[in-house]
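Survey of secondary and tertiary structure
Single-letter residue listing:
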Amino acid sequence: SQQGEEDPQALSIQEGENATMNCSYKTSINNLQWYRQNSGRGLVHLILIRSNEREKHSGRLRVTLDTSKKSSSLLITASRAADTASYFCATASDTGRRALTFGSGTRLQVQP
Amino acid sequence: EPEVTQTPSHQVTQMGQEVILHCVPISNHLYFYWYRQILGQKVEFLVSFYNNEISEKSEIFDDQFSVERPDGSNFTLKIRSTKLEDSAMYFCASRDSVGTEAFFGQGTRLTVV
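Predicted model only: the values in this text are computed from it and were never measured. (Residues numbered from 1 in each chain as written. Chains lettered and ligands numbered in written order. Predicted model: local features only at pLDDT ≥ 70, side-chain atom pairs only at ≥ 80, totals over all residues. Heavy atoms only, no water.)

1. Let's talk about the interface of chain A and chain B
Keep this limit in mind: Any two residues having at least one pair of non-hydrogen atoms within 4.5 Å are treated as being in contact. By buried area we mean the combined loss of accessible area, with a 1.4 Å probe, across both parts when two parts are placed together. By definition here, a salt bridge exists when the distance from a side-chain nitrogen of Lys or Arg to a carboxyl oxygen of Asp or Glu is within 4 Å. Definition of a polar contact: a pair of N or O atoms within 3.5 Å, with one able to donate and the other able to accept a hydrogen when the atoms are protein atoms, and with sequence-neighbouring residues admitted only if both atoms are side-chain atoms. A run of H or I in DSSP counts as a helix once it spans at least four residues, and a run of E counts as a strand once it spans at least two, with each numbered from the N terminus.
In this complex, chain A contributes 24 residues to the contact, which on the side of chain B involves 20 residues. Taken over both partners, the interface formed by chain A and chain B buries close to 1800 Å², and the fraction arising from carbon and sulfur atoms is 51%. There are zero salt bridges connecting chain A and chain B. Linking chain A with chain B are four residue pairs in polar contact (both at pLDDT 80 or more), by the criterion used here. Per-element tally for the side of chain A that touches chain B: the top contributor is strand β4 (residues 29-37) of chain A, with five residues.

Now the structure itself:
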């Protein structure tokens, strides 16, 4: 898989349920970031987790990072219809390129 | 809350024409980026800019592309002779230092006809 690949590609859940999205990457990273994109709109930064952190919380979001497995997960608890969007992980290398490398994204549909 | 502003929101151009996409990054940020997203595909890095020069570019960023920071606030992306495959959403981003979150603009949807 390529750097920053998310799974599943699409996820449909009911309002109130939790949504978990996973991201895998290949190279060493300085940090990993999660972004949300509503259809046809801009990228909204959700949370950044550094390579020396294992877990981070922000409101209903919980992000984990396992650098030994080169993977991260984003958990959205008590989902709402307004959470319907595409979610992308993006990695920033710890050497060389400092720009973000994005994954293909997970399309989340929250049914009211 | 400070934000990255991009104009126009939508640009339609004829193949072969030059286009300039405009961005106003967050004022105290030092690192500037252009990314693009072809419809239905992942966001791809084009170029990064720091200290008034390109610090890195991807293989997409060929001789048809250029960036400029003509004054203290604007950051532009120029495509000299547009091709159909340049049709995409172009995002500008900025951040204050390496290792911090990047803030993205709302994007310019470029349609080449």
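That was the structure; now back to the text.
2. Side note on the state of the cysteines
The following threshold applies: Note on disulfides: each one is a pair of cysteine sulfur atoms within 2.5 Å. Buried means the residue's accessible area, taken with a 1.4 Å probe over protein chains only, is under 20% of the maximum for its type, while exposed means over 50%, and partly exposed covers the values in between.
Taken as a whole, this structure holds two disulfides over all chains when the rule is applied. There is a disulfide in this structure between C23 of chain A and C89 of chain A, and the S-S distance comes to 2.0 Å. Torsion about the S-S bond of the C23 of chain A and C89 of chain A cystine: about 65°, corresponding to right-handed handedness. Of this pair, C23 of chain A sits in strand β3 (residues 19-24) while C89 of chain A sits in strand β9 (residues 85-93), and the two are 66 residues apart along the sequence. On the basis of relative accessibility, which here comes to 0%, the residue C89 of chain A falls in the buried class. With its sulfur 1.9 Å from that of its partner, C23 of chain B forms a disulfide with C92 of chain B. Taking the torsion about the S-S bond as the criterion, the C23 of chain B to C92 of chain B disulfide, at about -65°, is left-handed. Of this pair, C23 of chain B sits in strand β3 (residues 19-24) while C92 of chain B sits in strand β9 (residues 88-95), and the two are 69 residues apart along the sequence. Among the residues examined, C92 of chain B registers a relative accessible area of 0% and is labelled buried.

3. Structural notes on the pattern of salt bridges
Opposite charge on two side chains permits them to pair, given that their charged atoms come into close proximity. All names here are of chain A. Evaluated as defined, the whole model comprises four salt bridges over all chains. For E53, the salt bridge is made with K56, and the minimal N-O distance between the two is 4.0 Å. The exposure class of K56 is partly exposed, given its relative accessible area of 28%.

4. As for the packing of aromatic side chains
Going by this rule: When the centres of two rings from Phe, Tyr and Trp lie within 6.5 Å, Trp using its six-membered ring, the rings pair. Their planes under 30 degrees apart give stacked, over 60 give edge-to-face, and anything left gives tilted.
Counted under the stated rule, the structure contains 14 aromatic pairs over all chains. Between the aromatic rings of F88 of chain A and F102 of chain A, the centroid separation amounts to 6.5 Å while the plane-to-plane angle is 75°, which identifies the pairing as edge-to-face. Residue F88 of chain A is located in strand β9, and its partner F102 of chain A is located in strand β10 (residues 100-102); the two are separated by 14 residues in the primary sequence. Across the pair, F102 of chain A and F88 of chain A agree in class, each one buried. Three or more aromatic residues joined by ring pairs form one cluster here, namely Y35, F88 and F102 of chain A together with Y33, Y35, F45, F91 and F104 of chain B.

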